[in-house]
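Okay, here's what each chain looks like letter by letter:
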Amino acid sequence: MLLIEFLNRISFFSILTWGFFYIAVLCAITLTAFRSPKIRRYRQSLIAIATSSILLGTISWSVPFFMSRLNPDQSRLTAIESLTPTEWVEPVSNPETELQEDEIAWTKQLPYKFKYKLKFNYEFKKALAVESSTIVLLDTSGNIHGFNSYTGLNHWVIALHTHQVLGQVQNQKKLYIVDHTSLDSLRISSIDLQNPSLLWQRNIPNSKEGSIHFDIETQSVIVSTGTNGVWSLTAKTGEVLWKRPEIFTRARVITSSKHVLVFEPMIAKKPGSWYFLDPQTGKTIKKVPHVYPDIKEFLPDELELMSPLYVLGKIDSENLMYMNHQDLSQLWSFHTPEPVKLTRFLNRSEYFLLYDSNLLELRNLSDNQLKWQKKLSPVEARFLKVSPDHHYFTLPVVAKDELAGVSFYQVDTGEYQVEAQTSEPVLDLLYYGDWIYLFSEGHLWALKK
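Remember, predicted model here, so these are calculated numbers, not experimental data.

> Could you give an account of the overall build of the protein, naming the residues involved and the relevant values?
From N to C terminus, the protein includes five helices and 34 strands. The principal-axis extent of the C-alpha atoms belonging to the protein is close to 90 × 50 × 45 Å. By the burial criterion, 48% of the 449 residues in the protein qualify as buried. For the protein, contacts bridging at least 24 residues in sequence account for 43% of all contacts bridging at least 6. Only carbon and sulfur atoms are counted for the fraction: they give 54% of the accessible area of the protein, which is about 22400 Å².

Here you go:
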């Protein structure tokens, strides 16, 4: 694993350069060290191969240099006229407002009433956002869809044809997406949710992994790109505010008014480092070594839910830490008794832990003390959603090794409430205000208090 991580940091042109020079050296050694007639017979061919290898090695070495001269950012901002336009499309059929009693009978166990059922004309993959009166979805072809969240009408689509969405973040009715394209590059897109349209896009080449965070202080989008380092883009235009390509990181950055905290993992024999960067310029304020091989994620995605000083980090499947991100002091670290499937914040003072054995715990953040634990029936770890009033939390359930639906539980005790028994397996769920949205491969069910 460490070897793979190390090789991921080596550019394709460097591998070519080393390969050509290695061939040239072998040819030179063969010419000078062996005097047999057979070697002399191929002398001219060996000289030609060595010369060609040196020439090709020089070219492959110089290509990145000239590319950096021609494109200092090593990225490209798509011209406005080349951005994918928004298409307004009609749904296959109008949303259904009345269903058979057996399909919505489970709603009687909750303070929510069925409002409408919408049929998609595409295969649903992931819910990206819900903002005011707009729901935004991703389909299996990599296109972005949106429609009115109250009625299920007024559909639009932006054909991104993305290979994989790696992360998204919302701010002031804008949605920012980082995705991996089929060309092995990262693409950052800004979408206006109020007037559905693609505002800007920037491509960062030779990157396959990444995460995204919105910095309120500088009004910028900060992207971790793995081998290409950390990039800060202005949220309004997508212009590069600053970049640190030498810092290898995949973890989402942590921001404050004073600094941007970046985690660089320990790779091979190179020690890991915490970087404190200036939010405006990206220059290093302070660098602190550490011994963590990696950090899978920082929670939560929305840091405003937390105290401005503390953050929970998931080091691996069995180790968590809760630290002050201003000075890196730890309040506690926790080696779990078994691997963890999922972690999720409930509020500013409590968080959930779901283990591989389907044991669910609610713990205090301040001291990690256990509040309650509950053994659940088989559940998936794709999401754990909490209602805005903190009365219910929801998890996907599994029946006979297949995805079945979602179950609702009481937050205070973990007691089972009801299972959503829809006509198709539920793939995702969104809470928004007084509304609940359940998504299957081909349908949406909307409920309201």
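> Pulling in residues and values, what's your account of a nonpolar patch on the surface?
Taken together, the side chains of Tyr22, Ile23, Leu26 and Ile49 make up a nonpolar region of the molecular surface, amounting to roughly 370 Å² of accessible area. Examining the composition of the nonpolar patch, we find that three residues originate from one element, helix α2 (residues 12-33), more than from any other. Residue Ile23 is classed as partly exposed on the basis of its relative accessible area, which comes to 36%.

> Could you give me a rundown of the sheet that holds strand β19 (residues 284-290), with the residues and numbers involved?
The four strands are arranged β16-β17-β18-β19 in an open sheet whose pairing can be described as antiparallel. Strands with a single pairing partner mark the edges of an open sheet, and in this sheet they are β16 (254-255) and β19.

> So what's going on with the nonpolar core? Which residues, and what values?
Counting residues in each nonpolar core, the largest one holds 19 residues, and the members touching the most others are Trp106, Val406, Phe408, Leu429 and Leu438. Elements with a contribution of two residues or more to this core: β30 (402-410), β31 (416-420), β32 (428-432), β33 (435-439) and β34 (443-448). Excluding anything up to four places from it in sequence, Phe408 contacts Trp106, Leu110, Phe393, Thr394, Glu415, Tyr416, Gln417, Val418, Ala420, Leu429, Tyr431 and Ile436.

> Describe the side chain of Ser185, naming the residues involved and giving the relevant values.
Residue position: Ser185 is located in strand β10 (residues 185-192). Excluding residues within four positions of it along the chain, Ser185 makes contact with Asp179, His180, Asn203, Ile204, Pro205, Asn206 and Ser207.

> Please provide a residue-by-residue account of unusual backbone geometry, values included.
The backbone phi angle of His161 is positive, close to 50°, even though this residue is not glycine. Position of His161 among the secondary structure elements: in the loop between β7 (155-158) and β8 (164-171). For His161, a relative accessible area of 56% puts it in the exposed group. Unlike most non-glycine residues, Gln219 shows phi in positive territory, near 50°. Relative to the assigned elements, Gln219 resides in the loop between β12 (211-215) and β13 (220-224). Under the relative-accessibility criterion, Gln219 is labelled partly exposed at 34%.

> Explain the pairing of strand β21 (residues 310-316) residue by residue, including any values.
Regular strands have side chains that alternate between both faces of the sheet. Among the seven residues of β21, five are classified as buried, and the element is accordingly described as predominantly covered. Bridge count between β21 and strand β22 (residues 319-324): six bridges; the pairing is antiparallel. Looking at β22, one finds that Gly313 is bridged to Met321.

> I'd like to hear about the sheet that holds β13, residue by residue, with values.
In space, the four strands of this open sheet follow the order β12-β13-β14-β15, with antiparallel pairing throughout. Two strands lie at the open edges of the sheet, namely β12 and β15 (240-244), each paired on one side alone. Across the sheet, the axes of successive neighbouring strands diverge by a mean angle of 15°, strand direction being ignored. Relative to β15, strand β14 (residues 230-234) runs antiparallel, the two being bridged by four bridges. Pairing of Val230 across the sheet is with Arg244, part of β15.

> Give me the lowdown on empty space enclosed by the protein, citing residues and values where you can.
All told, the structure shown has one cavity of 30 Å³ or more when counted by the stated rule. Contributing to the lining of the largest cavity are 14 residues, with Val89, Asn121, Tyr122, His145 and His155 lying nearest its centre. The set of elements that each furnish at least two residues to the lining of the largest cavity consists of β3 (113-119), β6 (144-148) and β7.

The rules we used
Residues numbered from 1 in each chain as written. Predicted model: local features only at pLDDT ≥ 70, side-chain atom pairs only at ≥ 80, totals over all residues. Heavy atoms only, no water. Helix = DSSP H or I, 4+ residues; strand = E, 2+ residues; numbered from the N terminus. Buried < 20%, exposed > 50% of the residue type's maximum accessible area, 1.4 Å probe, protein only. Contact = heavy atoms within 4.5 Å. Areas by Shrake-Rupley, 256 points an atom, 1.4 Å probe, with all protein chains shown as cover. Patch = residues over 30% accessible without salt bridge, like charges linked within 9 Å, V, L, I, M, F, W, Y side chains within 5 Å. Salt bridge = Lys/Arg side-chain N within 4 Å of Asp/Glu carboxyl O. Pairing = 2+ DSSP bridges. Core = buried A, V, L, I, M, F, W, Y, C linked by side-chain atoms within 4.5 Å. Axes fitted to C-alpha atoms, helices over the stretch in contact; angles between N-to-C directions. 1 Å grid on protein atoms, 1.4 Å probe; cavity = no way out; pocket = protein on both sides within 12 Å on 5 of 7 lines; lining within 4 Å. Points joined across faces, edges and corners; volume = space filled by probe spheres on them.

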